[in-house]
Amino acid sequence: MLTAGTEGYDEETAVFNLAVAHHPAVVVGATSAADVSEAVRFAGRHGLNVAVLNTGHGPSVPATDDTLLITTRRMSDVAIDPERKTARVAAGVRFQQLVEAATAHGLAPLPGSSPGVGVIGYTLGGGVSSTMGRAYGWACDHVTAIEV
Ligand SMILES: Cc1cc2nc3c(=O)[nH]c(=O)nc-3n(C[C@H](O)[C@H](O)[C@H](O)COP(=O)(O)OP(=O)(O)OC[C@H]3O[C@@H](n4cnc5c(N)ncnc54)[C@H](O)[C@@H]3O)c2cc1C
């Protein structure tokens, strides 16, 4: 957990999309769902809003000094079930990692044009694949479960 002005704060709040600059009161580099739960409870106790950041590719609203920002990039587990043809994807996974894990089993996700984009942020926005979207539709329509 880092506050403004402490070492590592600028690196933790850095984003791909430089049009958005985040200045949260607190930033939490989550490594697990338990970290996320604890961060949300902390925000509740201290009257802070909660924002989430993975890669910062999205044009999200800047986190300000009334906000606790949770970064998810360290949550990078991917599990492929080749029989059910499903993937379980942690909050920080990017498409490059998912494509590599899926193709090892002769499977493919519905990725967008950038391997660096986060799977969750892309899917929350619908997720349209320029190469496979016409045949298979929106990525969000293939979601079977979400852990909140
Ligand atoms: C180079 C480039 C190419 C792209 N190509 C495509 C494309 O082909 N098809 C397409 O559909 N889109 C495309 N996009 C758009 C991209 O899907 C969105 O910008 C997406 O929101 C990026 O998600 P992210 O998690 O990487 O970014 P972030 O900015 O980290 O997150 C985006 C949004 O999702 C929210 N979010 C992320 N993770 C979570 C979570 N675990 N819980 C709750 N909220 C979360 C964030 O709060 C934020 O509002 C492209 C974007 C770029 C920059």
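Residues numbered from 1 in each chain as written. Predicted model: local features only at pLDDT ≥ 70, side-chain atom pairs only at ≥ 80, totals over all residues. Heavy atoms only, no water.

### Some remarks on the overall build of the protein chain
Argument step 1. Scanning the protein chain from N- to C-terminus turns up five helices and six strands.
Argument step 2. In the protein chain, the order of α-helices and β-strands from amino to carboxyl end is β-α-β-α-β-β-β-β-α-α-α.
Argument step 3. Since a compact globule built from 148 residues should have a radius of gyration of about 15 Å, the 16 Å found for the protein chain is in line with a globular shape.
Argument step 4. Dimensions of the protein chain along its principal axes, counting C-alpha atoms only, are 45 × 30 × 25 Å.
Argument step 5. Buried residues in the protein chain amount to 33% of all 148 residues.
Argument step 6. Long-range contacts, defined as pairs at least 24 residues apart, comprise 46% of the intrachain contacts of the protein chain with a sequence gap of at least 6. (Helix = DSSP H or I, 4+ residues; strand = E, 2+ residues; numbered from the N terminus. Rg over C-alpha atoms; globule rule 2.2 N^0.38 Å. Buried < 20%, exposed > 50% of the residue type's maximum accessible area, 1.4 Å probe, protein only. Contact = heavy atoms within 4.5 Å.)

### Here we look at the sheet that holds strand β2 (residues 26–29)
Whether parallel or antiparallel, the strands of a sheet pair through hydrogen bonds between backbone atoms.
Argument step 1. The strand order across the open sheet built from four strands is β1-β2-β4-β3, with neighbouring strands paired in mixed fashion. Single-partner strands in this sheet number two, and they are β1 (2–3) and β3 (49–53).
Argument step 2. Pairing between β1 and β2: two bridges, direction antiparallel. Opposite T3, over in β2, you have V26 as the bridge partner.
Argument step 3. Contacting β2, β3 and β4 (67–71), helix α2 (residues 33–45) runs over the sheet at an angle of about 175° to β4. (Pairing = 2+ DSSP bridges. Axes fitted to C-alpha atoms, helices over the stretch in contact; angles between N-to-C directions.)

### Regarding the packing of aromatic side chains
Argument step 1. Under the defined criterion, the tally for this structure stands at one aromatic pair.
Argument step 2. On the basis of an interplanar angle of 80° and a centroid distance of 4.7 Å, the ring pair of F95 and Y122 is categorised as edge-to-face. Taken together, the positions of F95 in helix α3 (residues 95–103) and Y122 in helix α4 (residues 119–124) put the pair 27 residues apart, joining distant regions of the chain.
Argument step 3. F95 gets classed as buried once you look at its relative accessible area, which sits at 4%. (Phe/Tyr/Trp six-rings, centres within 6.5 Å; stacked < 30°, edge-to-face > 60°.)

### Observations regarding the pairing of β2
Argument step 1. When β2 meets β4, the two strands line up parallel, connected through four bridges. Looking across to β4, one finds that V26 is bridged to L68.

### Digging into the environment of W138
Argument step 1. Here W138 shows up in the segment after α5 (133–136).
Argument step 2. Separated by 15 residues in sequence, W138 and T123 place their C-alpha atoms 8.3 Å apart.
Argument step 3. Every residue in contact with W138, bar those within four places of it in the chain, is listed here: L110, G126, G127 and V128.

Interpretation note: all reported values are geometric properties and have no functional meaning in isolation.
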